[in-house]
Amino acid sequence: MEWAVADVVGIREETPTARTLMLRIPGWKGALAGQHIDIRLTAPDGYQAARSYSLSSAAGDELAAVSVELMPDGEVSPYLVRGISVGDQLEVIGPLGGWFVWRPEQTEPVRLIGGGSGIAPLVSILRTHIRSGNTAPVKLLYSVRTPEYVYFSDELDALTAEAGAEVAIQYTRHAPPGWQGTIGRLDARRVTDWAEGDQNASTYICGPTRFVELASDALVAAGVDPATIRTERFGGA
Amino acid sequence: MGIVTPGFFGKHREADPKLPPGQYETKDFPVLSAGPTPNIHDGEWAFSITTETGEVTRWSWDEFRALPVEDVHTDIHCVTRWSKFDTDWRGVSLDTLFEGIETSAGYTMAHSFGGYTTNVPLEDLLGGKAWVAFEYDGEPLDPEHGGPARLLVPHLYFWKSAKWVKGLSLHDSEELGFWEVNGYHAYGDPWKEERYYYDS
């Protein structure tokens, strides 16, 4: 596998600080749901910087989609969120990673727990689940600051309806008008109540370190086999 | 050199000789783990070395803590492209642990609580190159970073420095560990950018 020159063929503003980039990558044969790619930028003097981004596109999609959140002190994300336009080119390598993946031949119930931009690989799993006609139950718990920070907001309802998925959104700061659910940080009780009842489920948790620790610790404390929980963390501790 | 990205100039302009290719420096200490953080109770931790003939040498936590310790000041490099300079650890050298071990094996597999494994050639663990570390920055090692003890092999990408390590097994031929069968390089030299299995 070599670095390939990808064309940016579409950009969608996802949240006030995040964008989804649709990339056409020569020779792209799709990915497994949950995999990532590395994106590399090169300055005129040859200086390079590369970062990893989870794919949100379905496994077999012709275009690769990644969502990039602006890191204020970042080096690559400010360029990808503020600087790049449709028609520009980027170097990419991938798909990468063989652990945080869901395969259509899996038949057990699927639990997806995402925090903030950690929703991206989980949407890839949802999309792949729909595409494959898999009938295993799937549900999503999504923790997000406010409604405007919901990724894939215009698609999430349709996507989850099509997957027959149950979706629970946890707004941590404020919720849309008329919201009946709770508001506030996810706690262990909320996670275990939500997770109850799926025997032999596989769980995929992606988000900031603290969030992933909380959700995975809660499930393990409630008796879930740690070997059935896959995690992807970002940020420090 | 790749295609020039118009309008991209980069931030970290100093070419730091301590930084392997493709890496950037972070002051943070990111956490990367494949699953939940194992909760290892006091008294549960033990470390063993199992030779290719099946001979097992085992240290309880107290026995392990009675061994001579070394302070290690080193840079660490994660395959996800961050490097962290000047980290301080305390641990037991693998040279110390191997003092009484009879082996002619060339390969090791590190085993962790939680089931994680990673393969390292034996010569990469000996000669002052690796430790079982139990302190970071003067404090007991945080569970998220592998506490109570982790392998520390700073000259390889950090996934080789198995968190929650509980033992090593010795093998005559190389087997692949957890990340190595999930797409990562069998050896993992940061200076050669041996990130993925096809970067041979």
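Residues numbered from 1 in each chain as written. Chains lettered and ligands numbered in written order. Predicted model: local features only at pLDDT ≥ 70, side-chain atom pairs only at ≥ 80, totals over all residues. Heavy atoms only, no water.

Draft legend 1. Focus on the overall build of chain B. Regarding its fold elements, chain B presents three helices and 11 strands. Taken from N to C terminus, the helices and strands of chain B fall in the order β-β-β-α-β-β-α-β-β-β-β-β-β-α. When its C-alpha atoms are laid out on the principal axes, chain B stretches across 60 × 35 × 30 Å. Relative to its full complement of 200 residues, chain B shows a buried share of 55%. (Helix = DSSP H or I, 4+ residues; strand = E, 2+ residues; numbered from the N terminus. Buried < 20%, exposed > 50% of the residue type's maximum accessible area, 1.4 Å probe, protein only.)

Draft legend 2. A look at the environment of Ser83(B). Residue and element names in this part refer to chain B. Along the chain, Ser 83 falls in strand 5 (residues 82-93). By relative accessible area, Ser 83 is classed as buried at 0%. Put simply, Ser 83 and Gly 128 are 45 residues apart on the chain and 21 Å apart in space, counted from C-alpha to C-alpha. Other than its neighbours up to four places away in sequence, Ser 83 contacts Leu 19, Pro 20, Gln 23, Tyr 24, Glu 25, Thr 26, Ile 76 and His 77. Here Gln 23 takes part through its side chain, which lies 3.1 Å from a polar atom of the side chain of Ser 83. Side chain to side chain, Ser 83 and His 77 meet in a polar contact 2.8 Å long. (Contact = heavy atoms within 4.5 Å. Polar contact = N/O pair within 3.5 Å; in protein donor to acceptor, adjacent residues only side chain to side chain.)

Draft legend 3. Structural context of the pattern of salt bridges. All names here are of chain B. A complete count under the given rule lists 21 salt bridges over all chains for this structure. Its salt-bridge partner being Asp 86, residue Lys 18 comes within 3.3 Å of it at the nearest N-O pair. Taken as a pair, Lys 18 in the segment before strand 1 (24-25) and Asp 86 in strand 5 lie far apart in primary sequence, 68 residues in all. For Asp 86, a relative accessible area of 41% translates into the label partly exposed. One salt bridge in this structure joins Asp 71 and Arg 90, with 2.7 Å as the shortest N-O distance. Taken together, the residues Asp 71 in strand 4 (residues 70-77) and Arg 90 in strand 5 connect sequence positions 19 residues apart. (Salt bridge = Lys/Arg side-chain N within 4 Å of Asp/Glu carboxyl O.)

Draft legend 4. Geometry of the interface of chain A and chain B. Of the residues lining the interface, 43 residues belong to chain A; the matching set on chain B comes to 33 residues. Both sides of the chain A and chain B interface together cover about 3200 Å² of buried area, and 54% of this is carbon and sulfur. Among the residues of chain A in contact with chain B, Tyr79(A), Trp99(A) and Arg233(A) are the three that bury the most area, contributing 17% of the side total. Applying the counting rule to chain A against chain B returns two salt bridges. A salt bridge links Arg81(B) to Asp38(A); the nearest nitrogen and oxygen atoms lie 2.9 Å apart. Elements that contribute at least two residues to the side of chain A that touches chain B include exactly strand 3 (36-42), strand 4 (48-54), strand 6 (89-96), helix 5 (209-221) and strand 11 (229-234) of chain A. Of the residues assigned to the side of chain A that touches chain B, the class counts are 18 nonpolar, 13 polar and 12 charged. (Buried area = accessible area lost by both parts, 1.4 Å probe. Nonpolar A, V, L, I, M, F, W, Y, C, P; charged D, E, K, R; others polar.)

Draft legend 5. Expanded view of the sheet that holds strand 8 (residues 138-144) of chain A. Residue and element names in this part refer to chain A. In spatial order, the strands read 9-8-7-10-11; together these five strands make up an open sheet with parallel pairing. For this open sheet the edge positions go to strand 9 (166-171) and strand 11, each flanked by a neighbour on one side alone. Strand-to-strand twist of the sheet, defined as the mean angle between neighbouring strand axes without regard to direction, takes the value 10 degrees. For strand 7 (residues 110-115) and strand 10 (residues 202-208), the ladder comprises five bridges, and the chain directions are parallel. Counted as the bridge partner of Ile 113 is Ile 205 from strand 10. (Pairing = 2+ DSSP bridges. Axes fitted to C-alpha atoms, helices over the stretch in contact; angles between N-to-C directions.)

Draft legend 6. Region of interest: the environment of Gly114(B). Its place among the elements puts Gly114(B) in the loop between strand 6 (107-112) and strand 7 (117-121). The spatial distance from the C-alpha of Gly114(B) to the C-alpha of Lys166(B) is 9.8 Å, given a sequence separation of 52 residues.

Draft legend 7. Main features of the sheet that holds strand 7 of chain B. Residue and element names in this part refer to chain B. Spatial strand order, 3-2-11-6-7: five strands in an open sheet with mixed pairing. Of all strands in the sheet, those bounded by a partner on one side alone are strand 3 (56-60) and strand 7. On average, each strand axis in the sheet is tilted by 15 degrees relative to the strand beside it, whichever way the strands run.

Draft legend 8. Main features of the pairing of strand 7 of chain B. Residue and element names in this part refer to chain B. Here strand 7 lies mainly inside the structure; five of its five residues are buried. Residues of strand 7 alternate between two faces, with Thr 117, Asn 119 and Pro 121 on one and Thr 118 and Val 120 on the opposite face, all of them buried. The hairpin turn running from strand 6 into strand 7, its antiparallel successor, is four residues long, and Gly 114 in that turn takes a positive phi close to 95 degrees.

Draft legend 9. Fine view of the packing of aromatic side chains. One pass over the full model with this rule turns up 23 aromatic pairs over all chains. Judged by centre distance (6.4 Å) and plane angle (85 degrees), the rings of Trp61(B) and Phe134(B) are edge-to-face. Separated by 73 residues along the polypeptide, Trp61(B) in helix 1 (residues 61-65) and Phe134(B) in strand 8 (residues 131-136) bring together distant segments of the chain. Residue classification places Phe134(B) among the buried residues on the basis of a relative accessible area of 5%. Ring plane angle 80 degrees and centroid distance 5.7 Å describe the contact between Trp179(B) and Tyr184(B), whose orientation is recorded as edge-to-face. Each member of the pair Trp179(B) and Tyr184(B) is classed as buried. Three or more aromatic residues link up through ring pairs in this structure, and these residues are Trp99(A), Tyr116(B), Tyr157(B), Trp159(B), Phe178(B), Trp179(B), Tyr184(B) and Tyr196(B). (Phe/Tyr/Trp six-rings, centres within 6.5 Å; stacked < 30°, edge-to-face > 60°.)

Draft legend 10. Structural context of the side chain of Gln23(B). All names here are of chain B. Structurally, Gln 23 is set in the segment before strand 1. Separated by 3.0 Å, the side chains of Gln 23 and Arg 195 make a polar contact. Ignoring anything within four residues of it in the chain, the contact list for Gln 23 reads His 77, Cys 78, Arg 81, Trp 82, Ser 83, Tyr 157 and Arg 195.

Draft legend 11. Region of the structure containing helix 3 (residues 153-162) of chain A. All names here are of chain A. Among all positions of helix 3, only Leu 156, Leu 159 and Thr 160 are buried. Projected down its long axis, helix 3 carries its buried residues within an arc of 90 degrees, all on one side. The exposed residues of helix 3 that point more than 90 degrees off its buried face are Asp 154, Asp 157, Ala 161 and Glu 162. On the buried face of helix 3, the contacting elements are helix 2 (119-132), strand 8 and strand 9. After helix 3 finishes, the residue Gly 164 shows a positive phi value of roughly 65 degrees. (Arc of directions from axis to C-beta.)

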